[in-house]
Amino acid sequence: MHQQNAIVIGSGVAGLAVAIRLASQGYQVSVYEKNLFPGGKLHSFEKDGFHFDAGPSLFTQPQNIVDLFADAGERLEEYLTWEPVPLSCRYFFENGKQLDAFTDAGKLAEEMHHQLGEDAATVISYLNQSEKLYEHVGKVFLNHSLHKKNTWLHPRVTKALSTVQYPHLFSTLHKYNATRFRTPEAVQFFDRFATYNGSDPYQAPAMLSLIPHLEINEGTFYPHGGMVSITEALYKLAQKKGVQFHFNQPIERILYHESKVRGVVVGSENIPASIVVSNADVYFTYKHLLKDDTLAAKVLRQERSSSAVIFYWGMRKSFPRLHLHNLFFGKNYEQEFDHIFKKGSVTDDPTIYINITSKLEVAMAPAGKENWFVMINVPANNGQDWHRLKTELREAVIQKLSRMLAEDIAPQIETELTLDPVSIEAQSASFMGSLYGTSSNSKMAAFMRQANESKQVKGLYFCGGSVHPGGGIPLCLKSAAIVSDLVKAAKQSNH
Ligand SMILES: Cc1cc2nc3c(=O)[nH]c(=O)nc-3n(C[C@H](O)[C@H](O)[C@H](O)COP(=O)(O)OP(=O)(O)OC[C@H]3O[C@@H](n4cnc5c(N)ncnc54)[C@H](O)[C@@H]3O)c2cc1C
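Read on for a plain summary of the structure.

Parameters and conventions
Residues numbered from 1 in each chain as written. Predicted model: local features only at pLDDT ≥ 70, side-chain atom pairs only at ≥ 80, totals over all residues. Helix = DSSP H or I, 4+ residues; strand = E, 2+ residues; numbered from the N terminus. Rg over C-alpha atoms; globule rule 2.2 N^0.38 Å. Buried ≥ 20, exposed ≤ 12 C-beta atoms within 10 Å, placed from the backbone. Contact = placed C-beta atoms within 7 Å. Pairing = 2+ DSSP bridges. Axes fitted to C-alpha atoms, helices over the stretch in contact; angles between N-to-C directions.

Within the protein chain, the regular secondary structure consists of 18 helices and 20 strands. Computed over C-alpha atoms, the radius of gyration of the protein chain comes to 22 Å, within 12% of the 23 Å expected from 2.2 N^0.38 for 495 residues, which places it in the range of a compact globule. Expressed along its principal axes, the backbone C-alpha trace of the protein chain runs to roughly 65 × 55 × 45 Å. Every one of the 495 residues in the protein chain was classed for burial, and the buried ones make up 51%. Long-range contacts, defined as pairs at least 24 residues apart, comprise 71% of the intrachain contacts of the protein chain with a sequence gap of at least 6.

Given below as structure tokens:
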């Protein structure tokens, strides 16, 4: 039988996953990527003997990858291995308290009681509720299209709706946490999960309290070889499935006629296809590839997620107090989010996240040294003076870390590079450099996010962090699975 062509625009993690899934369905798949390498935000680089993952550092829900390989009929262990990380993150508070967040509800509750004076039973009951929310609500809406009748008619929706309580929708995550925990440190700890999809705990609905379940109950993992090994594994599998890759080839237009997709334009050449999946940011897809200003403007009505400034620091020595993931909280969390989402600026006492993969794989840095990935949440790019903001941030970060680690860290920085919202947009074509597409600050955010299938153009689909179900590696992988199901369903209904 004649093999149909499918084209994927972009080789981010979702683009790679969708290419694998469509190839498994029998399509002849071609991926066009504007960069010289696959992975989008999920790539890595080396500087002066230090290896850095450029973007994501936290790996959760590996089941999405297990499912991808199982569906492709391939042995995952030949491509990628990982290990659980029982201490998900080490937290440092300005008042000198320290907390090890174990990926075990009982151990975390005990630690929160011991270090913070928090009620252990409250922590357990919060995490139980988090699990219930994820199992009954999260799974239904994150694994399926929100824009198909079938999703809503399924009996599991009744169960989902009965799990949702008034505060999950009508209280902010912060208010919800503040009414549950008696210590400000526990509130700040659980508020932080809003940042996992680039949102503000003082605005986002308490529904986001399902996120801790994924980290604490299900666990966090470290892929051997660093996060980039996820990209490498998917790229290798895609090639094995016969997917053709075209690097350094930006797509210029998506072609359609009589509401049906016909292919793409690349290097002024028309390439025909019966299926086109855009893994590119949905704003740019509408604005530049479809030249549809109306739909592009609709995307603009949704608030962007936060972005980040990253300092990649090669450190001359090792810091025994630090772990794989570390977080140094700012004193005034509310003010910090006010700066990011309302003022479009950066506070002078930012929360600082440090990831050090050489803690688990010493080869990631020269002997006795460490590769620090230092990240600060900042607003999406709106024309701010990033040169000035980065200079101020660097000074504030060095001062804060030196104070909290009780040693001057500036002389220990041997080599460095930085990333900011403008360079994030340049590298992965993410509109305004936002890390996770649109924010989840409004309770309608999940419903406003771009659907995975075009309403206007048959055969055109969307995957990746700027569309349903949202940003972050797990959700991007889910978007690829949803697109694959939609393509299959459309094919069946045509027969
Ligand atoms: C600094 C940082 C830290 C993060 N931390 C985490 C984390 O710890 N855990 C986590 O799960 N997630 C994290 N994320 C988010 C995560 O990286 C993203 O949600 C995810 O990688 C996005 O994947 P994607 O499939 O949407 O594609 P992207 O990575 O956005 O890639 C899209 C690809 O499309 C290509 N493209 C765009 N336009 C065109 C065109 N016209 N023609 C051809 N190609 C095109 C781009 O070049 C790019 O390669 C982080 C992101 C960043 C930047």
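It is worth spelling out the sheet that holds strand S14 (residues 275-278) at this point. Strand order across the open sheet formed by 5 strands is S10-S2-S1-S14-S20, with parallel pairing between neighbours. What marks the edges here is a single partner per strand, and that holds for strand S10 (244-246) and strand S20 (460-462). The mean angle between the axes of side-by-side strands here comes to 20 degrees, regardless of whether they run parallel or antiparallel. Direction of pairing for strand S1 (residues 5-9) relative to S14: parallel, over a ladder of 4 bridges. In the strand pairing of S14, Ala6 is matched with Ile275.

Let's shift gears to the pairing of strand S11 (residues 251-257). Sheet topology note: the S11/strand S12 (residues 260-266) ladder contains 6 bridges and is antiparallel. Bridging from a neighbouring strand, Ile251 pairs with Val266 of S12. Counted between consecutive antiparallel strands, the loop separating S11 from S12 contains 2 residues, among which Glu258 sits at a positive phi close to 45 degrees.

This part takes up the sheet that holds strand S13 (residues 269-272). Here 3 strands make up an open sheet; going across it, the order is S11-S12-S13 and the pairing antiparallel. Pairing within the sheet leaves two strands with one partner each, and these edge strands are S11 and S13. When strand polarity is set aside, the average angle formed by the axes of neighbouring strands in this sheet is 30 degrees. Here S12 runs beside S13; their pairing, made up of 4 bridges, is antiparallel. Along S13, the bridge assignment pairs Gly263 with Pro272.

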